[in-house]
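Observations on the model geometry
Take a look at the letters that make up each chain.
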Amino acid sequence: MRWKRFFSTASENMKQRRLRTSLTTLGVIIGISAIIALASLGEGFRTTVKARMEQGFELDVLTVIPGTLFAGMRPQRFTEIEVKNVSQVANVSIATSVMQIGNVTLYKGDKEVSVFVAAAVNFTEFQEVFPDRFRFEEGGVPEHVENDTLILGHKVNYPNEAEPAFAHVNDNVTVTVKIPTTQYPYVKLENYNFTVAGILQKTGTPGLTNFDYWAFIPLDTARKIYETNSSDLIFVRVPNPELSESVAEDIEDLFPPYQITVLVPLSFIQQVDSILNMVEIFLTSIASIALLVAGIGIMNIMTVSVMERTREIGILKAIGAKNRTILTMFLAETILIGLAGSLIGVLTGYGLAHAMSYVLSGFFKPRQDSAFHTPETPGMSITPVFSLPWAAGAVIFGTVVCILFGLYPARKAAKLDPVEALRYE
Amino acid sequence: MTALLEARGIKKTYRMGRVLVPALRGVTLEVAEGEFVAIFGPSGSGKSSLLHVLGGLDKPDEGEVFMDRISFSTLNANELAEVRLRKIGFVFQFFNLLPRLTALRNVELPLALADVSEKESIEKAKEVLRLVGLEDRMNHRPSELSGGEQQRVAIARALINDPKIVLADEPTGNLDTATGWEIVQLMKRLNEEKRQTFVVVTHDPNIAENADRILNLKDGLIEGVKKGGVRL
């Protein structure tokens, strides 16, 4: 029998059993839509998280910190020579060192504000490393950096958006610094006067290099105050993120093993990405259980159908139908159910995904301030991702599952003894 | 004359639960081309079993069946199906039409199985339906046809592949006498006009009377051969 005849006969048979066919197909539709909905939502979630993280990190800036997670802190900080060596590694555009001063308090008149991170940097180099983040709302990096130059992060200057600014350019600010001593209480407070040279723009996007809560003073000034030439971390700019892994390795080679850690944002993002990928696969495989149940439904209904049509099978065999012909006749029906169910399932799956993303978007409203979550952060919305290979894959998968489950009843039909089948009432 | 169909020492035993029922106990017969042979016997004499074995639907426990000198025992299930498709036409007591298909589609079915194109097979089916006198009923489903009409459809289906032999199992058994008579006449006419070979198992003396030869089957054995002879 020709293929066209098989399918026209099959669809004719299925039309005669409309309710049964639609219920069987419904099983496939549910299975495939569950897979498509979870897969496209998962992919959408991954894309959103990835984009959010890429905003939060400067992909072409590596951070070198002393010590490693496992071997503990490196006893000494980075020396000037070490910083110079790092800046001379191949493919490093520029390296700049940062001295972290920790908690400081700023006073202006009767106003005071605490700064989470006070850092001493070379302003010019720092601006070169972070051209997108070290941007000014007011003032800027002065041409001649004085010892008392101070640059404020946006949130430092506007701790509360509703209140007026803490300071403006050229205002004088007193900075209270904690300096370690060798005698009890091992710390002394000292006041220094600074002049505000610039106020940074709001970074807005969350991330590790969000300078909104930072205040900057010149590196040279800090060195005089603390009487040291060492620094706490080195920011390294590479020409493009692809080079970051190799540059990180070269930097690690400059130091004895386990002495330093190079933070590579790209590999961090890639790891998170691969974790999300696994979650996506996991969700999709759970959804596949629904398709499995649909497959068993097909097997069930086809077995019943074979029993009901035993006599018909006997007749067909008597007039010369081969086993293969009977097998194909029944398989043609499962193929049609599989194809129709999968195609409809793909469409309803994407519909479901959009509906779910609409409902879910309500749960991702920003709630509290954190380095990754500022009130300015827009609510996370997940757009389901439509992918043609996924859709095609789902249709093929659905059809193959139907064929596999239809195979047993179809073989049973094909192997019926013609005389027995003809006698069947 | 060489035998078209030949059976030698056919034995067949059925198992009914724990009891073994011997249906055929060594049947030997020959059918020549163009013959109209009746196998006559009461119910339970093994007529249907014999017909199934002759048509390659069932395998005998012992003995061999030859068609065109080829033994069925040398053929596998697929090849036997091919023989049934190309060389044998079956007509059953209960018509055995597919209820969902129209008369035309039922008749056309063997050609569809034989990979003949739809256009060609529909043409041929119409022609055969005309031959059995059903040209104006061909778009009806079996449930819309009378018993006699259904049996005509079944005969048309048996004829469509131009089989060497038509095997009929009680073709009038489910019909009233008058209609049964019409069916017998139809088969007889096809036998005479087209030299179509028929083997009919029946317990209807009417059919038997019309056959060229009558084989009396009793308790699984052929007990006598009579010349038929009532020419219509």
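Residues numbered from 1 in each chain as written. Chains lettered and ligands numbered in written order. Predicted model: local features only at pLDDT ≥ 70, side-chain atom pairs only at ≥ 80, totals over all residues.

**Concerning the overall build of chain B**
Note the cut-off: Runs of H or I in DSSP of at least four residues are treated as helices and runs of E of at least two as strands, each being numbered from the N terminus. Throughout, the radius of gyration refers to the C-alpha atoms, and the reference size of a globule is 2.2 Å times the residue count to the power 0.38. We call two residues in contact whenever the C-beta atoms placed from their backbones are within 7 Å.
Summing up its helical and strand segments, chain B has seven helices and 10 strands in all. Compactness check: chain B gives a C-alpha radius of gyration of 17 Å against a globular reference of 17 Å for 232 residues, within 12% of the reference. With the C-alpha coordinates of chain B rotated into their principal frame, the extents come out at 45 × 40 × 40 Å. Considering only contacts in chain B between residues 6 or more positions apart, those separated by 24 or more positions represent 69%.

**Focus: the overall build of chain A**
Stated precisely, the cut-off is as follows: Exposed residues have 12 or fewer other C-beta atoms within 10 Å of their own C-beta, buried residues have 20 or more, and partly exposed residues fall in between, where C-beta atoms are placed from the backbone.
Counting its regular elements, chain A contains 12 helices and 10 strands. Computed over its C-alpha atoms, the radius of gyration of chain A comes to 34 Å, more than 25% above the 22 Å expected for a compact globule of 425 residues. Here the C-alpha coordinates of chain A stretch approximately 105 × 50 × 40 Å along the principal axes. Here chain A holds 425 residues, and the buried ones make up 38% of them.

**Observations regarding the pairing of strand 9 (residues 213-218) of chain B**
Residue and element names in this part refer to chain B. What counts, and what does not: Here, any two strands with at least 2 DSSP bridges between them count as paired.
Bridge count for strand 3 (residues 36-40) against strand 9 is four bridges, and the pairing is parallel. In the strand pairing of strand 9, Ala38 is matched with Ile214. The pairing of strand 9 with strand 10 (residues 221-227) spans six bridges and is classified as antiparallel. Counted as the bridge partner of Leu217 is Ile222 from strand 10.

**Here we look at the sheet that holds strand 3 of chain B**
Residue and element names in this part refer to chain B. Basically, it comes down to this: Helix axes are fitted only over the stretch in contact, all axes being lines through C-alpha atoms; the angle between N-to-C directions runs from 0 to 180 degrees.
Taken in spatial order, the six strands of this open sheet run 6-7-8-3-9-10, and their pairing is mixed. Each edge of the open sheet is held by one strand with a lone partner, namely strand 6 (88-91) and strand 10. Ignoring which end each strand starts from, the neighbouring axes of this sheet average 20° apart. Together, strand 6 and strand 7 (165-169) form the strand contacts of helix 5 (residues 147-159), whose direction differs from that of strand 6 by roughly 170°.

**Regarding the interface of chain B and chain A**
Here is the rule we go by: Here the nonpolar group is Ala, Val, Leu, Ile, Met, Phe, Trp, Tyr, Cys and Pro; Asp, Glu, Lys and Arg are the charged ones; every other residue, Gly included, is treated as polar.
Taken together, the contact pairs 19 residues of chain B with 16 residues of chain A. For the side of chain B that touches chain A, the secondary-structure elements that each account for two or more residues are helix 2 (77-87) and helix 3 (103-113) of chain B. In terms of residue count, the dominant contributor to the side of chain B that touches chain A is helix 2 of chain B (six residues). Of the residues contributing to the side of chain B that touches chain A, the split by class is 10 nonpolar, three polar and six charged.

**Quick word on the environment of Val113 of chain A**
Residues and elements named next belong to chain A. With respect to the helices and strands, Val113 occurs in strand 3 (residues 111-121). Counting along the chain gives 111 residues from Val113 to Lys224, while the straight-line C-alpha distance between them is 24 Å. Residues in contact with Val113, not counting those within four places in the same chain, are Leu106, Val156, Pro159 and Phe166.

**A look at the packing of helix 5 of chain B against helix 6 (residues 177-194) of chain B**
All names here are of chain B. In plain terms, the rule: For classification purposes, an angle smaller than 35 degrees is called roughly parallel, one larger than 145 roughly antiparallel, one from 65 to 115 roughly perpendicular, and anything else oblique. Crossing chirality is assigned from the near helix's rotation relative to the far helix, an anticlockwise turn below a right angle marking it left-handed and a clockwise turn marking it right-handed.
At a minimum axis separation of 9 Å, helix 5 and helix 6 run at an interaxial angle of 20°. By the criterion of interaxial angle, the relationship of helix 5 to helix 6 is roughly parallel. The hand of the helix 5/helix 6 crossing is right-handed. Only Thr179, Glu182, Ile183 and Leu186 of helix 6 make contact with helix 5, whose side of the interface consists of Gly147, Gly148, Gln151, Arg152 and Ile155. Classifying every residue of the contact of helix 5 with helix 6 by side-chain character gives three nonpolar, four polar and two charged.

**Notes on the sheet that holds strand 1 (residues 3-16) of chain B**
Residue and element names in this part refer to chain B. Reading across the sheet, the four strands line up as 2-1-4-5 and stay open at both edges, with antiparallel pairing between neighbours. At either end of the open sheet lies a strand with only one pairing partner, and these are strand 2 (19-32) and strand 5 (70-71). Relative to strand 2, strand 1 runs antiparallel, the two being bridged by 11 bridges. Across the sheet, the residue bridging to Ala7 is Leu29, located in strand 2. Those strands touched by helix 1 (residues 47-54) are strand 1, strand 2 and strand 4 (62-67), and its axis lies near 125° from that of strand 1.

**Section: the packing of helix 3 of chain B against helix 4 (residues 118-131) of chain B**
Residue and element names in this part refer to chain B. At their nearest, the axes of helix 3 and helix 4 sit 9 Å apart, and the two run at 125° to each other. One finds that helix 3 runs oblique with respect to helix 4. For the pair helix 3 and helix 4, the sense of crossing is right-handed. When helix 3 is examined against helix 4, the residues Ala103, Leu104, Val107, Glu108, Leu111 and Ala112 are found in contact with a partner set consisting of Ser121, Ile122, Lys124, Ala125, Lys126, Val128 and Leu129.

**Examining the domain arrangement of chain A**
Rules: An automatic or database domain assignment is the source of the domain bounds shown.
According to the domain assignment, chain A contains domain 1 (3-57 + 269-423) and domain 2 (101-120 + 127-216). Between domain 1 of chain A and domain 2 of chain A, the C-alpha centre-to-centre distance is 58 Å.

**Points about unusual backbone geometry**
All names here are of chain A. Cis geometry is found at the peptide bond from Tyr184 to Pro185, where omega equals 0°. Phi is positive for Glu227, which is not a glycine, with a value near 55°. Within the fold, Glu227 resides in the loop between helix 6 (219-226) and strand 9 (233-237). Its 7 C-beta neighbours within 10 Å are what place Glu227 among the exposed residues.

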